[in-house]
Amino acid sequence: MDTNDVTRTAPDPGLTARIGSYLSGMGPSWVAGAIAAGPATIASLVTAGALFGYQLLWVVVLSAGAGALAQYLAMRLGLLTERGIVAVVEDHLGESWAWLLVADAVIAAGVAQLVIMKTVATVSATVTGIDARVWGVVWALVLAVGLAGRGYRFLEVVAKVLVAGVVVAFVASLFVVPVDPGAAVAGLVPSVPTGGALVAAGILGGAVHITLITMHSYTMRSRGWTREDYSLASFDVGASMLVAFGVYSLAIFLVTASVLTSADLSTVGAAQALGPLVGPSAKWLFLLGLWGAAVSTLGGNTIVPPFLLADKLGWGTTIEDSRYRWLLVAAALLSAPGAFIGGAVLGQLVLVLALGTVGTPFAIAIVLYLLNTDAVPDRNSLLANVGGVALLLVTGGLAANFVRSQVAGGVSPLAGVVLAFAVAIALAMVGLGGKFALEEVA
């Protein structure tokens, strides 16, 4: 036998080692994935499956790709500048733009934190029988001690373990739920059923969100990643958002589309409804998956405001800086009141997702602007810009639909706040677009 043939057909040990290194080195994008794979996304998927069966399956698949693209653009900015996004914005656009981005993200993350805590406490109470308000205080203390004591690395490990466990739980539930393959394949054909536009917007909004975009540069800095880690960072995005988040969304949607028919179910109610329909195993798998998703999202979302505020104030963004550590403690403890909020959590989750959607186009526009200026040594490719503009148009359309729905019945105090926020963001985006156009002409 020709020894050259053996050489040509043998596995490349370098490639195997590199893949192994990538798998062990992943992390930052998994924290973003932990936020994306949260109760608000589950609420949108449950609603879509219960209302429309398999018809919106194509949106579920699209959302994974859109989420991966948004994180890839955020990753490029963070690695090519090797700085936090707020500092880069302040240097290249000015302090006012930096404060606007901080306010946009902190408002979205802060409101979401309260409702996510309510969800975590509610699911914890359902599983254990202990009052949800007690769980709210317990989880706030766990967050404060864990994040202030061990910082980002603690969160990253928890996120990877929980997201992986959540994916396994929801995929396992597929084996005890009867899925109609023919109907599922038909759902891959793009179409929007009557009344399905807002639900589709919710699914996409869960994958492309301002908190995920703004936090990514900080989580990579916490790992010490530089431009030399570009390949690893790209692998990280693909594995977490495209694969893990995609499988997670697909499994939840197929389970609910196969057996649930009530549009009034909450996320916890959906898990409980599976018991009498297809057996208690499906109920507990779904409930445990929801619990893990809610806990991982709560932890990931907690670090977003401290990252942005510390960067804007010129503080460190690791627990070595005591000022940042106390910001983490404050963010964790301030989430406890969420467990005391009354009302149906499903509608609140959808509202939180929609509020975040209003601020998301501005974050995407900021990232695209910076990636096409001298802020980075390697400007965006045409393909990356086309994808970014598509994301901008989709998220802008979702935001416009939400604002229109809020003011359709009259401008209530809440609708007035949403409208004022949306107008401010829209004006900022117009100004940003004009600034970029003038610079390109000059």
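Residues numbered from 1 in each chain as written. Predicted model: local features only at pLDDT ≥ 70, side-chain atom pairs only at ≥ 80, totals over all residues. Heavy atoms only, no water.

- Where an unreviewed UniProt entry is consulted, the protein appears under the name Divalent metal cation transporter, with the organism given as Haloplanus rubicundus.
- Quoted straight from UniProt, the Subcellular location (unreviewed entry) entry for the protein says "Membrane". (UniProt positions renumbered as here; feature names shortened; annotations may be inferred.)

**A word on the confidence of the model for the protein**
No. 1: With 82% of its residues at a pLDDT of at least 70, the protein reaches an overall mean of 81.
No. 2: Within the protein, helix α6 (residues 85–92) carries the highest mean pLDDT (94), whereas helix α1 (residues 3–9) carries the lowest (44).
No. 3: pLDDT under 50 marks residues 1–11. Its contacts with residues more than four places away, or in other chains, come to one contact. (pLDDT = per-residue confidence, 0-100. Helix = DSSP H or I, 4+ residues; strand = E, 2+ residues; numbered from the N terminus. Contact = heavy atoms within 4.5 Å.)

**Details of helix α5 (residues 57–81)**
No. 1: Given a rise of 1.5 Å per residue, 25 residues ought to cover 36 Å, and the 37 Å separating the end C-alpha atoms of α5 matches this to within 8%.
No. 2: Among the 25 residues of α5, 20 are classified as buried, and the element is accordingly described as predominantly covered.
No. 3: Downstream of α5 by a residue or two, E82 has a phi angle that is positive, lying close to 55°. (Expected span 1.5 Å × (residues − 1). Buried < 20%, exposed > 50% of the residue type's maximum accessible area, 1.4 Å probe, protein only.)

**A short note on helix α7 (residues 95–128)**
No. 1: Taking 1.5 Å per residue as the helical rise, α7 with its 34 residues ought to reach 50 Å, and the 48 Å between its terminal C-alpha atoms agrees with that figure.
No. 2: In the stretch just after α7, G129 is the one whose phi turns positive, near 85°.

**Comments concerning the pattern of salt bridges**
No. 1: Enumeration over the complete set of coordinates arrives at seven salt bridges.
No. 2: A salt bridge links K312 to E90; its shortest N-O distance comes to 3.4 Å. Taken together, the residues K312 in helix α16 (residues 304–312) and E90 in helix α6 connect sequence positions 222 residues apart.
No. 3: For E90, a relative accessible area of 28% corresponds to the partly exposed category.
No. 4: Between K312 and E95 there is a salt bridge whose closest N-O contact spans 3.4 Å. Taken together, the residues K312 in helix α16 and E95 in helix α7 connect sequence positions 217 residues apart.
No. 5: Three or more residues joined by partner-sharing salt bridges are found here, namely E90, E95 and K312. (Salt bridge = Lys/Arg side-chain N within 4 Å of Asp/Glu carboxyl O.)

**Focus: the nonpolar core**
No. 1: Membership of the largest hydrophobic core comes to 134 residues, with the highest contact counts inside it found for I85, V89, Y248, F253 and I366.
No. 2: Here this core gets 15 residues from one element, more than from any other, and that element is α7. (Core = buried A, V, L, I, M, F, W, Y, C linked by side-chain atoms within 4.5 Å.)

**Here we look at a nonpolar patch on the surface**
No. 1: Together, V61, V185, L188 and L250 give the surface a local cluster of nonpolar side chains, amounting to about 330 Å² of exposed area.
No. 2: Mapping V61 onto the fold places it in helix α5. (Patch = residues over 30% accessible without salt bridge, like charges linked within 9 Å, V, L, I, M, F, W, Y side chains within 5 Å. Areas by Shrake-Rupley, 256 points an atom, 1.4 Å probe, with all protein chains shown as cover.)

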